[in-house]
Structure formats: structure tokens, C-alpha cells
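Overview (structure and organization)
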Protein chains: 2
Amino acid sequence: MIKPRSRRGGGRPTIADVARKAGVGAITVSRALREPERVSEDLRRQIQAAVNELGYVPDPNARALASARADVFGVLVPSLTNNVFAEVVRGIYDSLSDGPFRVQLGNTHYSGLEEERLLQVFGPQRPAALIVAGIDQTPTARKLLETAGCPVVQVMETGPDPVDMLVGFSHLDGGRTATEHLIEAGYRRIGFIGARMDPRSQRRLAGYRAAMEAAGLFDARLVTTTPVPSSVTLGRELFRDALAKAPTLDGVFCNNDDIALGVLFECHRAAISVPRTIGIVGFNDLDMMQSAFPSITSIRTYRYEIGRRSVAMALAAIAGKRPEQRVVDLGFELIRRESTAR
Amino acid sequence: MIKPRSRRGGGRPTIADVARKAGVGAITVSRALREPERVSEDLRRQIQAAVNELGYVPDPNARALASARADVFGVLVPSLTNNVFAEVVRGIYDSLSDGPFRVQLGNTHYSGLEEERLLQVFGPQRPAALIVAGIDQTPTARKLLETAGCPVVQVMETGPDPVDMLVGFSHLDGGRTATEHLIEAGYRRIGFIGARMDPRSQRRLAGYRAAMEAAGLFDARLVTTTPVPSSVTLGRELFRDALAKAPTLDGVFCNNDDIALGVLFECHRAAISVPRTIGIVGFNDLDMMQSAFPSITSIRTYRYEIGRRSVAMALAAIAGKRPEQRVVDLGFELIRRESTAR
DNA sequence: TTGTACGCGTTATCAC
DNA sequence: GTGATAACGCGTACAA
């Protein structure tokens, strides 16, 4: 008696089952599913019928093994809870939800070593594309990206020398624009308050410094930074520190909106008038900036759009169309509000 | 001249290469890597040497195909940008970063149908475990979870009838506790302000209602809800609506902290005294609640810990140890602050 | 403890 | 346009 070929798997229908039922070869079923235009109308219908009847679903693992390509986008961000990256990730997901691609998300915790590790985990999977935050990879990480054998999109920055493609904006220009706005509004003793101080924060600080020096206003005592992760509460503390160091402070450009909100709350608590005594500018323009009282001036950035664009570029590259421009600068916008309306 | 067996793949070393170099069978290499204790000391060392020399890395796709199991945790959340779920996801990632498991994250957009679709995408991958937010799956989704053939952990809620395992807390009790606190603080015309109104918000509302009815204070005009996604700005608008409907309002229990912050800002703008004229309670206790001015009373929940616990339970189940308690209630805590200190 | 033979479900290759 | 055959790289089953 012949054992009915005991399936190790869960007994789901395979491509062979569909082929048998449709009276065609397995490869034709495979083609009908992936490149329908290369299979005749007739067979396509028969195959589709068999697929529906059997409830056949291709095995992604088998497909990945055979084709040496997984339908996976590897995505690396420094933080999952930072709203800024969450928005980028959301843009990526929304752009991918239609197609066959899955997303594999990695959290680097702002660590270059962790990024290397994750890249080493992603590589053997043979992802269809890689999207990574930032341009400050370690040499090792950069080499891993260059040899990944798939399109790579770096996001959230701009610059001259991407691994492959790049979409974002200039943090340096953003920092400069924010600072220049404060100067034009009449503030003079303008502080910089920054937490985390990752590479993007560093560039914003550089923009701040450039603007202050150009105006002859730079003073190292006006700069307050910490590697500690950003939070509203930390913003309050740093503002107190800044005031202690520079009692004549009359404005602050904050690393990000959480810090800015903390500064605002501390001003409330200390009965410091905003924008009269202190002007405040944030960065990213989270929703709450417009609703705060007073509303807070901020640099609006297009995180969601960056996510979408990164996918569009990767998809184009996968389709063989290398985009005309490998570096896309989506810019930013200064949103003037009450916190600097002196 | 013999072509050196052109590899379709990228020519990376395979397990066979390692086996040859170490002078053992391929299966022994496989075992040495997955269950070292079942291979003799000697061979293990030889194999490890060969692995290092060749730079061998197992192909996860081939492994998944052969074993009918992918080292993947499927995770389904309704939102990527909502800090609450971002924290759960972070807990999951942090708990998984040591081991061999990758994470595949899906965004259901608060949609049962989207959840079904994602479950259908995850299924064929044969994930090692599934973690999903909530207990309100559609019948179809629930069936998919039950037949997934892997441990399933539902998170962020508690209840009597999990698909498999469940870790979270009671939103109904949370809503009741928040409301009772306002009542005890002396507020009487206490409103409920809720956005999105997903199942968890509905249960918080039910808790609010229970408390208000128990105190003989319930009045339908005090309830203001909308299906619109939550935001600080929306909180301001809803509060204005609530005041228009119930001018004698003297307190609000907010769906979440974003709404609560919006209410606070609107009070500032309208020169309404908090907590004297209006008491405010939020939900989740985000960092900014403690720094707001005045600081805002909230229900602290343990999102990160829920993420970690869910992984721990799944891992235990994978290891064959069905945990003694399939339902874990991590509770919550009322954090009293200035916004209700009348 | 180690190895042999084979299967996992699909796609690439090349012939028809 | 369609199909037979041979990988893809690894793990399972079973034997030794």
C-alpha cells in the first residue's frame, strides 16, 4: 500500500496541486501568478479557477529560496517611539500596503554598531530593498549597504554622497533658518537647547551657530546640550540650565518640538512671558505646536512624504528604472507662530 | 572545461561548504549551529572554525522552507504613530533583539478588515508567534488566529476569552477609576471627551458611565465623542463643543493624553482656571503630563512592559512551556496631579 | 553522536 | 506560449 506522500507542511495546497487540477505544468501556474501577460488567456482563466477552488496561496519562503529574493523591505530607524521616525515608517507602510512587499523593521537605538548588526541580519534574507535613516553609517555598515545587492535609500537627510539613493532635507539649513527667524524677530541672546544630539541634531546646531556667527551673536554659553534622550520633561530641565548659564537669554531654538514644549511649560511655571521675554522655536512642527498656548513657531518637515518617496524610489529601482535624480531634497518650511511674534 | 557549477544564488558559502571543510556531514553542521549540546565538543570546534573561516551565515529562507517555520514574530497594531502602540512595539523589539527572531510589523489602521488581510499575509510565512493588539477581532480574523498553528498573544486588554494568551489591563476599570477620582475631588458636571472611539475607548467610556451613574451624575449631554483620529488640536475643538453643549461643565475625563493636553491649552486660551473651574484627567500618562502646567492627572499604563511580557509568554509557549496563567493583567495606576487638585 | 537520502515549494534554464 | 528538469540551501526521518 502506497503511503499518500505525507506532507511535512500543514497540508496546504501547493503549486503542483493547482497545476494538476488546471491540467498544466507547475511553471505555467507560477508564471500565470507573477506575469499574467505571458500566459494565454485560456490557461490563465483555468489556473485562476483552480487557485480559487483550492485556496492556493504561494509559499513566500519557497519563493524566496528559489528566486534568491524575498519580497521584503528592510527598514532601519534609530527609534520606534520618536514621532518623527514613526511618521516616516508610516509613510513606508502606507506605500507598501498595496503590493506584495512585507516590511521588516529594525530599531538601531541610535547606535552604529546596532545598525551593523541589523544589516548583517537583514542581508542573508536577500531583501528587495533597504531603507535606512541617516547618512552617518559606520564604514562597516556602509560597506554592507553597498554590497547588499538591492536598492538602498537613505532617508531624513540630504547630501552629496549617498550609498545609492537619498531623500530628505538639510538639517543644517533648517537650524539656520530657525535661528535667523529669531534674529529677525529681534531676539539677541538666543540659546540652542538640544537633547540626544544625534548627527541630525548636530547639524541643526551647526546651522544655529552659522546664523549666530553671521550676526555676530554667537556665544558658547548660549548652547545647552545633552546626550540624554529627548522629552518634554528634559526640555524643562535644560531650559532651567540654560537660564542659569545665561540669565539674559531672550530666545531659544530647540532641537525638537518636545524640548520646545518643555521650555514653554517651564516659562508658564516661572511666569516668564512668551514671546515677550523669551522667544521659542521648535523643530518638526508636530500637531501640538499649533495648539499650544501660545502657539509655537517651528520648522515643518515632511516625514510622511519622505517615507512615501523612499518607497517610490526603491520600487522604481526594483523595476529597473534608475531614477534621474538619486538625491531628493524635500525641504522644510518655517511656520511662524505666536511664540516668536514679539 | 567544466563550468564550476554556476550558483544561482550570490555564491555565498552554504552549509555543504562548511561540512566539507570541517570534514563532517551537512546535518552535523546544522545541528552544531542550532543545538550545540547535541554535537561532540571536538566537531563543534572544527565546525565553528570552518564557519568563521568561510564566513558562513545560514540562509533564513532555506531554513524556513525546510523546517516549515520562519523565525519571525508577526505583530499587528492599529497605529504606528500612536505613542501607546509604539511603546508596546518597542517592548517587543527590545525583548527580541537578543535572539534569532525577526519582527514583522503590520499596521491595521484600526480596521478589522485590514487586520484580516494582514493575517492572511502573515499566515503563509509560518511565523513563530503572533502578537496582536486588542480582543475585538472579526470572526474571520479570530479563526485565522486560532488556526495559525503558533502561539498567539493578544495585548493591551484583559478579558475572559483569549484566543490563546492575553496581557494588558482593563480599560473599563481605568475609565471608572479616572472618573471616580474626579467625583471624589468634588467635581460634579464631569464630561467625557473621546476621539477615535476604538474598542478600548468605548470601554473607557463605559467605565466613565458606570462611575457617573453610580454617583447619580450621569447626563448624556456630558459625553462628547468623535470617530476622528485623536490629536491635541482635536482635543481643543472637542472641549469647545463640550462646553457649548454643557456650559456648567466642571471637569473632563479625556480619552487619552493628547486630548487632555488640547483641553488644557484651550483652557489657557479661554482663561479658564485649571483645576479650579475645570478639572482634567487624561489616560496613559505620557511624559508630558507631569511637565504640563498645571501638571495633568492621568491613568498610567504599562505599555512597554506589556510588549515585553507578550514576548516572554510567546517564547515560553514556543519552548513548549504553556504558562500557568494565560491571561495576565498588568493593571494601571491613577497619578494624581495639579489638574484635579481643587 | 553522526550520517544518508530525501523532501520542502518554488523558480531559472533551456528546449520545444 | 508552454513544459521538463534541475537547482535553491536547509531540516526531517530514519538508520547506523
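As recorded in an unreviewed UniProt entry, chain A goes by the name Transcriptional regulator, listed as coming from Mesorhizobium sanjuanii.

Taken together, 29 residues are adjacent to DNA strand D, and Thr28 of chain A together with Ile15, Ile27, Ser30 and Tyr56 of chain B come closest. In DNA strand D, atoms within 4 Å of the protein come 68% from sugar and phosphate. Between a base nitrogen of DNA strand D and a side-chain N or O atom of Arg31 of chain A, the distance comes to 2.9 Å. Arg34 of chain B places a polar side-chain atom, nitrogen or oxygen, 3.4 Å from a phosphate oxygen of DNA strand D. If you list the elements that add at least two residues to the surface near DNA strand D, you get α2 (26-34) and α4 (60-67) of chain A together with α2 (26-34) and α4 (60-67) of chain B.

Turning our attention to the domain arrangement of chain A. Domain parsing of chain A yields domain 1 (15-58), domain 2 (69-169 + 303-332) and domain 3 (171-300). A separation of 34 Å is found between the C-alpha centroids of domain 1 of chain A and domain 2 of chain A.

A few words on the interface of chain B and chain A. In this assembly, 54 residues from chain B lie in contact with 54 residues from chain A. Taken together, the two surfaces of chain B and chain A that pack against each other cover about 4500 Å², and 54% of this comes from carbon and sulfur. Viewed at the interface, chain A and chain B are joined by two salt bridges. Glu338 of chain B is paired through a salt bridge with Arg269 of chain A; the nearest N and O atoms lie 3.2 Å apart. Taken together, the elements giving at least two residues each to the side of chain B that touches chain A come down to α4, α5 (83-96), β2 (102-107), α6 (112-122), α10 (232-245), α11 (257-269) and α12 (288-291) of chain B. In terms of residue count, α5 of chain B provides more of the side of chain B that touches chain A than any other element does, seven residues in total. Its residues assigned to classes, the side of chain B that touches chain A comprises 23 nonpolar, 18 polar and 13 charged.

The environment of DNA strand C is made up of 28 residues, and the closest members are Ile15, Ser30 and Tyr56 of chain A together with Thr28 and Ser40 of chain B. Protein-adjacent atoms of DNA strand C, using a 4 Å cutoff, are sugar or phosphate at a proportion of 69%. Separating a phosphate oxygen of DNA strand C from a side-chain N or O atom of Thr28 of chain B is a distance of 2.4 Å. Of all the secondary-structure elements, those providing two or more residues to the surface near DNA strand C are α2 and α4 of chain A together with α2 and α4 of chain B. Here the surface near DNA strand C takes five residues from α4 of chain A, the largest share from any one element.

Residue and element names in this part refer to chain A. Close contact between helix α6 (residues 112-122) and helix α7 (residues 139-146) brings their axes to 9 Å; oriented N to C, the two are set at 25 degrees. It follows that α6 is roughly parallel to α7 by the angle criterion. In the packing of α6 onto α7, the handedness of the crossing is left-handed. Counting all contacts with α6, which are made through Glu116, Leu119 and Gln120, the residues of α7 involved are Thr140, Ala141, Leu144 and Leu145. For the contact of α6 with α7, the per-class residue count stands at four nonpolar, two polar and one charged.

Residue and element names in this part refer to chain B. Running from N to C, α10 and α11 point in directions that differ by 60 degrees, and their axes come no closer than 7 Å. The angle between α10 and α11 falls in the class oblique. Between α10 and α11 the crossing geometry is right-handed. Residues Val232, Leu234, Gly235, Arg236, Leu238, Phe239 and Arg240 of α10 form the contact with α11, whose own contacting residues are Asp258, Ile259, Leu261, Gly262, Val263, Phe265, Glu266, Cys267 and Arg269.

Time to look at the sheet that holds strand β7 (residues 223-225) of chain B. Residues and elements named next belong to chain B. The six strands are arranged β7-β6-β8-β9-β10-β12 in an open sheet whose pairing can be described as mixed. Since the sheet does not close on itself, it has two edges, and those belong to β7 and β12 (332-335), each with one partner. For this sheet, the mean inter-axis angle between neighbouring strands, taken without regard to orientation, is 15 degrees. Across three bridges, the pairing between strand β8 (residues 251-254) and strand β9 (residues 279-284) is parallel. The residue bridging Val252 from the neighbouring strand is Ile280, located in β9. Along the sheet face, α11 touches β6 (190-194), β8, β9 and β10 (297-301) and points at about 155 degrees away from the line of β9.

In this section: the state of the cysteines. Under the defined criterion, the tally for this structure stands at zero disulfides over all chains. No disulfide involves Cys254 of chain B; its sulfur sits 9.3 Å from that of Cys267 of chain B, the nearest cysteine.

Residues and elements named next belong to chain A. Structurally, the position occupied by Thr248 is in the loop between α10 (232-245) and β8 (251-254). Considering only alpha carbons, one finds Thr248 and Ile190, 58 residues apart in sequence, at a separation of 9.3 Å. Separated by 3.0 Å, the side chains of Thr248 and Arg189 make a polar contact.

Counting 150 residues, the largest nonpolar core has Leu261 and Ile280 of chain A together with Leu261 and Ile280 of chain B as its most contacted members. If we ignore the near neighbours within four places in the chain, the residues touching Leu261 of chain B are Leu261, Phe265 and Met288 of chain A together with Val232, Met288, Met289 and Ile296 of chain B.

It is worth spelling out the side chain of Gln137 of chain B at this point. Residue and element names in this part refer to chain B. Along the polypeptide, Gln137 turns up in the loop between β3 (129-133) and α7 (139-146). Polar contacts involving the side chain of Gln137 include one to the side chain of Gln154, which spans 3.0 Å. Residue contacts for Gln137: discarding those within four places in its chain leaves Glu115, Val132, Arg142, Leu145 and Gln154.

Quick look at the relation of the copies chain B and chain A now. Between the two copies, chain B and chain A, the superposition gives an RMSD of 0.1 Å; the rotation angle is 180 degrees and the shift along the axis is 0.0 Å. Taken together, the rotation and translation relating the two chain copies correspond to the operation of a two-fold axis. The residues that chain B uses at the interface reappear at the interface of chain A in 100% of cases, marking a shared surface.

Rules used throughout
Residues numbered from 1 in each chain as written. Chains lettered and ligands numbered in written order. Predicted model: local features only at pLDDT ≥ 70, side-chain atom pairs only at ≥ 80, totals over all residues. Heavy atoms only, no water. Near = heavy atom within 4 Å. Polar contact = N/O pair within 3.5 Å; in protein donor to acceptor, adjacent residues only side chain to side chain. Helix = DSSP H or I, 4+ residues; strand = E, 2+ residues; numbered from the N terminus. Domains from an automatic or database assignment. Contact = heavy atoms within 4.5 Å. Buried area = accessible area lost by both parts, 1.4 Å probe. Salt bridge = Lys/Arg side-chain N within 4 Å of Asp/Glu carboxyl O. Nonpolar A, V, L, I, M, F, W, Y, C, P; charged D, E, K, R; others polar. Axes fitted to C-alpha atoms, helices over the stretch in contact; angles between N-to-C directions. Parallel < 35°, antiparallel > 145°, perpendicular 65-115°, else oblique. Left-handed = near helix turned anticlockwise from the far one by under 90°. Pairing = 2+ DSSP bridges. Disulfide = S-S within 2.5 Å. Core = buried A, V, L, I, M, F, W, Y, C linked by side-chain atoms within 4.5 Å. Buried < 20%, exposed > 50% of the residue type's maximum accessible area, 1.4 Å probe, protein only. Least-squares fit on C-alpha atoms with pLDDT ≥ 70 in both.

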